[in-house]
Structure formats: C-alpha cells, structure tokens
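Residue-level structure breakdown
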Amino acid sequence: MMLNFKTTCYSFFCIMLYAAPDLMAQRFLIPETAMVQRAGSIGYNAFGVGYNLFTNKNGSLDLAWGYVPKSKGGRQDIFAAKFAYRPINIRLKNFGTWSAINPGLFVTHHPGGKFHTTLNKDQYPDGYYWWSSAVRFHLSASTELKINTPKNLLKTGVEQIALYGEFNTNELYAVSWFKNREHLPLRDIFKLGFGIKAYF
C-alpha cells in the first residue's frame, strides 16, 4: 500500500474547492465558531476558528494553530485545516444536541527548517521516502455534544457551547501499521484529542 502524495494533495484541494462557495457566502469569512483543543495531532494545545458548511450546517471547516512546548519534546508549531461532517444529530430536548459520529479529515503543516514538503533528491534516491516530513493527512472520527447556552450568556453572542472528543490517524501511521501488522498494534496508530467549541 503506497499512497501517492500528489494525488492526496489534489484530493484534499478538490474537497476544499467544493466547500469554497459555502465559505464565500459567510459574510467575508467571519468566523462562526471558536475552539480550543488539547492533543489530537494538532499540538499539545491548539486554538482556532471555524465555519459552518452546507445549507444544513452539518459540515464544518476549522482553521487552527497548535504548539508543542519545549518541555514536551521541543518547541514546535502546527497549522491545521480540519473538515468534519455531522450526519447524525440527536436532539436532547432543551439541553442541546448530540452529534454522535462525525467522520472527517484534516491536513497539518509543520513549519520550520527541520521539516520539508519535498526531500532533497541529491541526498535521497527517488522513491526512498514517499512522505513529506512537513505535511500530514489525517482521517478522523469525533463525537460532539452541543449544550444550549443559558439566556444570560446569549448576550455575549454565544449560541451554543460544545464539548468534543476526536480520534485520528494519518497516512504515515496507516501505512506503517499495514506493513508491520504483526508488531504494531492497531491502537497505537490512533491519537485522541479533546476540545471545547463556541458557536456564535
């Protein structure tokens, strides 16, 4: 199983292009959500804004910046663009809404001199490494509980507060597992993150 990096980039670009008309309708891209996340492949802590997609608002696009502190293995910044779709929304009376299983995908970019989108062909033979050290493509699955905001907080513009958890893996982990299934447990290729999101 060998993923083609260019094909993967093209596929993700097509998805973002499909979402673009919805984004352009959002009054000059004024964010509709704000999020804070711990772990989950986008940094030790991450902060971002987001937009609802599609007429039923069951899709979302979040743009986030995360970081890993020096004390946790070396200072590192991570930028992420995350797409998720919420096909199952269960109303919990006046309490809120539970989006049970939300498939998604996202791409992360690690800036800095030690990360590269392409490898030095003078240093490595063609095909020696098939992945980029700076860019990772992830598949994710999340669950989200939206809580209706108390009336006294509606004046702040926050309509709902959501708590969520998200599992993800990336193309490098998936291929590594496929090639080493006897020695690499499936659970080891998944990462878990938790977050809180405000809907405006």
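Residues numbered from 1 in each chain as written. Predicted model: local features only at pLDDT ≥ 70, side-chain atom pairs only at ≥ 80, totals over all residues. Heavy atoms only, no water.

**Digging into the nonpolar core**
Counting residues in hydrophobic clusters, the biggest one holds seven residues: M35, I42, A46, A64, A80, F106 and Y164. Once residues within four sequence positions are removed from consideration, I42 is found in contact with M35, Q37, A64, G66, Y67, I78, A80, K82, F106 and T108. Membership of the second largest hydrophobic core comes to five residues, among which are A81, V107, A134 and F137. (Core = buried A, V, L, I, M, F, W, Y, C linked by side-chain atoms within 4.5 Å. Buried < 20%, exposed > 50% of the residue type's maximum accessible area, 1.4 Å probe, protein only. Contact = heavy atoms within 4.5 Å.)

**A few points about the pairing of strand β6 (residues 96–109)**
In terms of burial, β6 is largely enclosed, as 10 of its 14 residues are buried. Summarising the sheet, strand β4 (residues 76–85) and β6 pair through six bridges and their orientation is antiparallel. Opposite A84, over in β6, you have G104 as the bridge partner. Both strand β5 (residues 89–92) and β6 contribute to a ladder of four bridges, which runs antiparallel. Note on β6: the bridge partner recorded for L92 is G96. The antiparallel pairing of β5 with β6 creates a hairpin that spans three residues between the two strands, and K93 there sits at a positive phi of about 50°. (Helix = DSSP H or I, 4+ residues; strand = E, 2+ residues; numbered from the N terminus. Pairing = 2+ DSSP bridges.)

**Focus: the side chain of N58**
For N58, the position within the fold is in the loop between β2 (45–53) and β3 (59–68). A distance of 3.2 Å separates the side chain of N58 from the side chain of N89, its partner in a polar contact. (Polar contact = N/O pair within 3.5 Å; in protein donor to acceptor, adjacent residues only side chain to side chain.)

**Some remarks on a nonpolar patch on the surface**
Taken together, the side chains of V36, F47, W65, F79, L163 and I196 define a hydrophobic patch exposed on the protein surface, amounting to about 510 Å² of accessible area. What makes F47 partly exposed here is its relative accessible area of 38%. (Patch = residues over 30% accessible without salt bridge, like charges linked within 9 Å, V, L, I, M, F, W, Y side chains within 5 Å. Areas by Shrake-Rupley, 256 points an atom, 1.4 Å probe, with all protein chains shown as cover. Salt bridge = Lys/Arg side-chain N within 4 Å of Asp/Glu carboxyl O.)

**So, the layout of surface pockets**
When its volume is computed, the second largest pocket comes out at roughly 330 Å³. If you go around the second largest pocket, you meet 15 residues; those closest to its centre are K57, R86, K146, Q160 and Y199. When its residues are assigned to classes, the lining of the second largest pocket shows two nonpolar, seven polar and six charged. (1 Å grid on protein atoms, 1.4 Å probe; cavity = no way out; pocket = protein on both sides within 12 Å on 5 of 7 lines; lining within 4 Å. Points joined across faces, edges and corners; volume = space filled by probe spheres on them. Nonpolar A, V, L, I, M, F, W, Y, C, P; charged D, E, K, R; others polar.)

**Quick look at the packing of aromatic side chains**
Within this structure, the stated rule accounts for four aromatic pairs. Taken together, a centroid distance of 6.2 Å and an interplanar angle of 25° make the contact between F47 and W65 stacked. Taken together, the residues span a long stretch of sequence, with F47 in strand β2 and W65 in strand β3 at a distance of 18 residues. A residue is classified by how much of its surface remains accessible, and W65, at 32% relative accessible area, is partly exposed. Here the aromatic rings of F54 and Y85 are separated by 6.1 Å at their centres, their planes lie at 70°, and the arrangement is edge-to-face. Here F54, found in the loop between β2 and β3, pairs with Y85, found in strand β4; they are 31 residues apart in sequence, far enough to count as distant. With a relative accessible area of 23%, F54 lands in the partly exposed category. Since its relative accessible area comes to 30%, Y85 is described here as partly exposed. (Phe/Tyr/Trp six-rings, centres within 6.5 Å; stacked < 30°, edge-to-face > 60°.)

**With respect to the pattern of salt bridges**
Under the counting rule described, the total for this entry stands at four salt bridges. Between D62 and K197 there is a salt bridge, with its nearest N and O atoms 2.9 Å apart. Taken as a pair, D62 in strand β3 and K197 in strand β9 (residues 191–199) lie far apart in primary sequence, 135 residues in all. With a closest N to O distance of 2.7 Å, E171 and R136 form a salt bridge. With E171 in helix α3 (residues 171–179) and R136 in strand β7 (residues 135–148), this residue pair connects regions lying 35 residues apart in the sequence.

Honestly, that's just the spatial picture; any functional story needs more than this.
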